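Inside the fold
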Amino acid sequence: FFGTDYQGGTNFIVESTDGKKFTRKIVPDPYRRSPIDNMVLRKSRRGNEIWANLPFSTPNTKCLLMYSADNGKSWNKAFEYNRSTHTVWLVSSSNEIEGALYFSVADSKNNTRVVYKLVDC
């Protein structure tokens, strides 16, 4: 899986299992003009999850942190945010699929930043 960045145009989540054939899904409104910044895999009790951050918003769009628990067939909203007040980064990185997911939320009004760790209890 990977995401596109069409700089204000319609963006897609693209899937390929062989690097030759690609299928794409349109990112729906109000997020479709936001690029997919990055994607991270997380191992949960239910199986592997794909997490994606859509970090750009305009007056008519919203930003979104989302995940899929069914190999990209459907996507769930973790939370949406407005780039004028907050910035979110997926900060996890590993060669292996880890059970913890780290993401950072910066509040531009208060000039603060918090890093969150998501794990199964």
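Attention here is on the structure that accompanies the text. (Residues numbered from 1 in each chain as written. Predicted model: local features only at pLDDT ≥ 70, side-chain atom pairs only at ≥ 80, totals over all residues. Heavy atoms only, no water.)

1. Focus on the pattern of salt bridges
The full count for this structure, using the stated rule, is six salt bridges. The salt bridge involving Asp120 is made with Arg42; its shortest N-O contact spans 3.1 Å. Highlighted residues: Asp120 in the segment after β10 (112-118) and Arg42 in strand β4 (residues 38-44), separated in sequence by 78 residues. Residue classification places Arg42 among the buried positions, given a relative accessible area of 3%. Through salt bridges with shared partners, a single ionic network connects Arg42, Arg46, Glu49 and Asp120. (Salt bridge = Lys/Arg side-chain N within 4 Å of Asp/Glu carboxyl O. Helix = DSSP H or I, 4+ residues; strand = E, 2+ residues; numbered from the N terminus. Buried < 20%, exposed > 50% of the residue type's maximum accessible area, 1.4 Å probe, protein only.)

2. Observations regarding the side chain of Asn11
Relative to the assigned elements, Asn11 resides in the loop between β1 (2-3) and β2 (12-15). In terms of polar contacts, Asn11 uses its side chain to reach the side chain of Thr4, at 3.0 Å. Sequence-distant contacts of Asn11, that is, excluding residues within four places in its chain, are made with Thr4, Asp5, Tyr6, Lys25, Ile26, Val27, Arg32, Arg33, Ser34, Pro35 and Ile36. (Polar contact = N/O pair within 3.5 Å; in protein donor to acceptor, adjacent residues only side chain to side chain. Contact = heavy atoms within 4.5 Å.)

3. Looking at unusual backbone geometry
Cis geometry marks the peptide bond from Asp29 to Pro30, where omega comes out at 5°. Unusually for a residue other than glycine, Asn71 sits at a positive phi of about 60°. Within the secondary structure, Asn71 is located in the loop between β6 (63-68) and β7 (76-81). Phi is positive for Asn111, which is not a glycine, with a value near 55°. Examined against the element boundaries, Asn111 turns out to sit in the loop between β9 (101-107) and β10. Judged by relative accessible area, which is 72%, Asn111 ranks as exposed.

4. Some remarks on the side chain of Thr4
Among the secondary structure elements, Thr4 is positioned in the loop between β1 and β2. Excluding residues within four positions of it along the chain, Thr4 makes contact with Asn11, Phe12, Val14, Pro35 and Ile36.

5. With respect to the sheet that holds strand β8 (residues 86-90)
Strand pairing within a sheet occurs via backbone hydrogen bonds; the two strands may be parallel or antiparallel. In space, the three strands of this open sheet follow the order β8-β9-β10, with antiparallel pairing throughout. Pairing within the sheet leaves two strands with one partner each, and these edge strands are β8 and β10. Across the sheet, the axes of successive neighbouring strands diverge by a mean angle of 20°, strand direction being ignored. Here seven bridges tie β9 to β10, and the two strands are oriented antiparallel to one another. Across the sheet, Val105 pairs through a bridge with Val114, a residue of β10. (Pairing = 2+ DSSP bridges. Axes fitted to C-alpha atoms, helices over the stretch in contact; angles between N-to-C directions.)

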